[in-house]
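# A structural walkthrough
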Amino acid sequence: MKPVTLAVLGSALAPLLTSPFALAPAFAQSRTQTARPTCAEAMAVVKAEGAVTLGFGGRPPERFVRDRSFCEITEIAELRFVPTRDNPQCPIGYRCREPDYGDWNWDAN
């Protein structure tokens, strides 16, 4: 290739290589910023998206899923309640997490 072609090609690709998002994984999820939706609105977002990261008020963003199929194979789905505009304990969806010792029923026959 000619040096001029390389210089033009290099300058066109430079913003992509220096962008912080250039190396982001393809499975990264968008984060939805909400201003205290109603319970029905929050549940609808999780149901429609399947897996979504939401931040409510002063709480740090958290990933919510529609069901366990959006969790890793080793994770369990735990029902999550968040404060919404009309319900202080809205069952928005589930949170994926690794089970701990207390999650197993050791007394089952």
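Residues numbered from 1 in each chain as written. Predicted model: local features only at pLDDT ≥ 70, side-chain atom pairs only at ≥ 80, totals over all residues. Heavy atoms only, no water.

### Focus: the environment of E41
The topology assignment puts E41 in helix α2 (residues 39–49). E41 gets classed as partly exposed once you look at its relative accessible area, which sits at 40%. Separated by 44 residues in the primary sequence, E41 and R85 place their C-alpha atoms 10.0 Å from one another. At 3.4 Å, the side chain of E41 and the side chain of R85 are in polar contact. (Helix = DSSP H or I, 4+ residues; strand = E, 2+ residues; numbered from the N terminus. Buried < 20%, exposed > 50% of the residue type's maximum accessible area, 1.4 Å probe, protein only. Polar contact = N/O pair within 3.5 Å; in protein donor to acceptor, adjacent residues only side chain to side chain.)

### Observations concerning the state of the cysteines
Within the structure shown, the criterion is met by 2 disulfides. Linked covalently through their sulfurs, C39 and C90 form a disulfide whose S-S length is 2.0 Å. Looking down the S-S bond of the C39 and C90 bridge, the torsion is 80 degrees, so its handedness is right-handed. Placement of the pair is C39 in helix α2 and C90 in strand β5 (residues 90–97), with a sequence separation of 51 residues. (Disulfide = S-S within 2.5 Å.)

### Overview of the pairing of strand β2 (residues 51–55)
Taking burial as the measure, the 5 residues of β2 include 5 buried ones, the bulk of the element. In this sheet, strand β3 (residues 62–65) lies alongside β2 in antiparallel orientation, the contact comprising 4 bridges. Within β3, the residue paired with V52 across the bridge is F64. (Pairing = 2+ DSSP bridges.)

### What to know about the nonpolar core
Formed by A42, V46, V52, L54, F56, F64, V82 and I92, the largest nonpolar core amounts to 8 residues. Of all elements in the fold, only α2 and β2 reach the threshold of two or more residues within this core. (Core = buried A, V, L, I, M, F, W, Y, C linked by side-chain atoms within 4.5 Å.)

### So, the confidence of the model for the protein chain
When pLDDT is averaged along the protein chain, the result is 75; 64% of the residues meet or exceed 70. In this model, residues 1–27 is a region of pLDDT below 50 whose contacts with residues beyond four sequence positions or in other chains number 2 contacts. (pLDDT = per-residue confidence, 0-100. Contact = heavy atoms within 4.5 Å.)

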